[in-house]
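# Topology and contacts: notes
Here's the letter readout for the chains.
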Amino acid sequence: MLITPTKALGIILEQVRPLKALRLPLSQATGHCLAEDIRSDRDQPAADRSAMDGFAVRSTDLSSCPRQLRLAGEVAAGSPARPRVRPGTCVRVLTGANVPPGADAVVIVEQTKESDSGVMFSRPVKVGANIRKRGEEAKNRTVLLKKGALLGAVQIGLCATVGKAQPKVYARPRVTVLCTGEELRPVSDRVGRHELRDSNGPSLTAALALWGYQGVTHKVVPDDPKALAAKLKRAVNQHDVVILSGGVSVGKYDFVPQAIKLTGGRIRFHGVAMRPGKPELYATVGRNKHIFGLPGNPLSVMTGFYEFVLPALRRMSGLDLKLCQPCLRLPLAADAQALPKLVRFVVAKLVSNKKGLSLMPIKSHGSGDLISGGTADGVIVLPGKAGKISAGTVVAFRPWRPLP
Ligand code: AMP
Ligand code: MG
């Protein structure tokens, strides 16, 4: 019995759990999800600060202009100096400097004229002008980043701002890739006409690296149930997730289901109403170890990876359930044909015109046609209901290039 891709993902997401939390230095935390809320350790900004280079003044002094004020001192960014701004005086301030006591506004340097006798101001200034008020961005103890937030560049900067040198983050899953098939040769080998180079191994590890799972190894294993079971057992012992390519269908040499059973794995589903990727398989071993069996054709492998494996990895990495499977909704740039009863994934590229981005389906000779995927940015997801879907219709698009 085939299940829908949505049901299949639901089964997977019921099984996967976020991994343990650990503390990592900021330099190693990029791409991890927070396992704690990050709070401000003081008001942000911590004091009234000048937003510009200029002069701190008492706004009442400039109620009738032009007016010259005596220069009574200077506060540069990082200076602890607090020269008081008394009536009839001003203080030079640089961007980021604390506003000196007595002042209630900053006039930007471009609107002034400095001479030996003082600083000339040509127009009045509003109270608070060019001042970032203490606490206006966040008060002390405010939650700035929530548990589960993915740490990108800005978030790492925020952690640094509030003194979080070692944020608590979720571990990322240990993953490995096993490619089954007697016909496969490593990329640098000569290949006979009866053989082909393993492209799924390199392409899966590349997809993993693109989404932040670097350094994953891949191996080719022969189509032999015992040898496969032995390799799988070792892989499961040492990793949280094992991705298998090939050997998952009903052919005489498709030994993956058998090997999973020999390894003590529990098959949760085998067969999804989708094209490509129908023989898709998912199994669990013990608590929170997962095996994905992806049918070997290169576009099936990529589709299965983005539909099932990546959401599982992202959930295990601590990402919120709703964010595990990135999806965009964009209009079709040309007609597309949906299939009866099978959700169809069509490789597509993003094209831009005056109205913005749209999706151009790419002609493909089927799931073995990696060449047609060469210009793809992802896949269009077409519901399992036969019929033409016209150009201009907004459809779901699964990016095969990283999004947050
Ligand atoms: P399978 O799912 O094992 O029946 O494989 C289906 C087809 O996918 C095979 O006939 C190969 O042409 C292709 N294939 C399987 N594994 C790989 C791989 N690692 N790299 C490239 N092509 C593969
Ligand atoms: Mg095979």
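The rules behind the values
- Residues numbered from 1 in each chain as written.
- Chains lettered and ligands numbered in written order.
- Predicted model: local features only at pLDDT ≥ 70, side-chain atom pairs only at ≥ 80, totals over all residues.
- Heavy atoms only, no water.
- Phe/Tyr/Trp six-rings, centres within 6.5 Å; stacked < 30°, edge-to-face > 60°.
- Buried < 20%, exposed > 50% of the residue type's maximum accessible area, 1.4 Å probe, protein only.
- Domains from an automatic or database assignment.
- Near = heavy atom within 4 Å.
- Polar contact = N/O pair within 3.5 Å; in protein donor to acceptor, adjacent residues only side chain to side chain.
- Areas by Shrake-Rupley, 256 points an atom, 1.4 Å probe, with all protein chains shown as cover.
- Axes fitted to C-alpha atoms, helices over the stretch in contact; angles between N-to-C directions.
- Helix = DSSP H or I, 4+ residues; strand = E, 2+ residues; numbered from the N terminus.
- Parallel < 35°, antiparallel > 145°, perpendicular 65-115°, else oblique.
- Left-handed = near helix turned anticlockwise from the far one by under 90°.
- Contact = heavy atoms within 4.5 Å.
- Nonpolar A, V, L, I, M, F, W, Y, C, P; charged D, E, K, R; others polar.
- Arc of directions from axis to C-beta.
- Pairing = 2+ DSSP bridges.
- Salt bridge = Lys/Arg side-chain N within 4 Å of Asp/Glu carboxyl O.

## Some thoughts on the packing of aromatic side chains
Two measures describe an aromatic ring pair: the distance that separates the ring centres and the angle between the ring planes. Taken as a whole and judged by the stated rule, the model has eight aromatic pairs. Ring centres of Phe305 and Tyr306 lie 5.1 Å apart, and the angle between their planes is 90°; on these two criteria the pair is classed as edge-to-face. Summarising the burial analysis for this pair, Phe305 and Tyr306 share the class buried. Among the aromatic residues, those joined into a ring-pair cluster are Trp211, Phe305, Tyr306 and Trp400.

## Brief notes about the domain arrangement of the protein
In terms of domain boundaries, the protein breaks down into domain 1 (5-19 + 173-323), domain 2 (22-44 + 137-170), domain 3 (49-132) and domain 4 (328-399). Each of domain 1 and domain 3 has a C-alpha centre, and the two are 65 Å apart.

## Examining the site of ligand 1
In the vicinity of ligand 1, 15 residues are found, and the nearest of them are Asp198, Ser199, Asn200, Gly247 and Gly296. Residue Asp198 places a side-chain N or O atom 2.8 Å away from a nitrogen atom belonging to ligand 1. Gly247 places a polar main-chain atom, nitrogen or oxygen, 2.8 Å from an oxygen atom of ligand 1. Calculation on ligand 1 without its partners gives an accessible area of 490 Å², and the protein chains cover 76% of this total.

## Comments concerning the packing of helix α1 (residues 5-15) against helix α7 (residues 298-316)
Running from N to C, α1 and α7 cross one another at 30°; their axes reach a closest spacing of 10 Å. What the angle tells us is that α1 and α7 run roughly parallel. The handedness of the crossing between α1 and α7 comes out as right-handed. Within the contact between the two elements, α1 uses Pro5, Ala8, Leu9, Ile12 and Leu13 and α7 uses Glu307, Phe308, Pro311, Ala312 and Arg315. Partitioned by chemical class, the residues of the contact of α1 with α7 number eight nonpolar, no polar and two charged.

## Topic: helix α4 (residues 200-210)
Those residues of α4 that fall on the buried side of the exposure criterion are Asn200, Gly201, Leu204, Thr205, Ala207 and Leu208. The buried side chains of α4 occupy one side of the element, clustering within an arc of 155° when seen end-on. Close packing links the buried residues of α4 with β13 (175-180), β16 (217-221), β17 (241-245), β21 (289-294) and α7. Within two residues after α4, Gly212 carries a phi angle of roughly 95°, on the positive side.

## What about the pairing of β13?
By the criterion of burial, β13 is predominantly enclosed, with six of the six residues buried. Alternating residues of β13 divide into Val175, Val177 and Cys179 and Thr176, Leu178 and Thr180, and every residue in both groups is buried. For β13 and β16, the ladder comprises five bridges, and the chain directions are parallel. Bridging across to β16, Thr180 finds its partner in Val221.

## Side note on the sheet that holds strand β6 (residues 89-93)
The mixed open sheet is built from six strands, whose spatial order is β7-β4-β6-β5-β9-β8. At either end of the open sheet lies a strand with only one pairing partner, and these are β7 (105-108) and β8 (112-115). Taking each pair of neighbouring strands and ignoring which way they run, the sheet shows an average axis angle of 40°. When strand β5 (residues 67-75) meets β6, the two strands line up parallel, connected through four bridges. Note that in β6 the partner of Val75 across the bridge is Val93.

## Describing the side chain of His239
Its location among the elements puts His239 in the loop between α5 (225-238) and β17. Judged by relative accessible area, which is 15%, His239 ranks as buried. A distance of 2.9 Å separates the side chain of His239 from the backbone oxygen of Ala235, its partner in a polar contact. If near-sequence neighbours (up to four positions away) are discounted, His239 is found in contact with Arg174, Val175, Thr176 and Lys289.

## Topic: the sheet that holds β13
On the basis of which strands lie adjacent, the open sheet formed by six strands has the order β16-β13-β17-β21-β20-β18 and mixed pairing. In this open sheet, the two strands that pair with only one neighbour each are β16 and β18 (266-270). Pairs of neighbouring strands in the sheet enclose a mean axial angle of 20°, with direction left out of account. Taken together, the five bridges between β17 and β21 define a ladder with parallel strand orientation. The partner of Ile243 across the bridge, within β21, is Phe292.

## With respect to the pattern of salt bridges
Following the criterion strictly, the structure yields 13 salt bridges and no others. In this structure, the salt-bridge partner of Lys164 is Glu36, at a minimum N-O distance of 3.3 Å. Of the two residues, Lys164 sits in the loop between α3 (153-161) and β12 (168-170) while Glu36 sits in the loop between α2 (26-29) and β2 (38-39), which places them 128 residues apart along the sequence. Of the residues examined, Lys164 reaches a relative accessible area of 24% and is grouped as partly exposed. A residue is classified by how much of its surface remains accessible, and Glu36, at 14% relative accessible area, is buried. Residue Asp320 pairs with Lys322 through a salt bridge whose shortest N-O separation is 3.6 Å. Sharing partners across several salt bridges, the network here consists of Arg23, Glu36 and Lys164.

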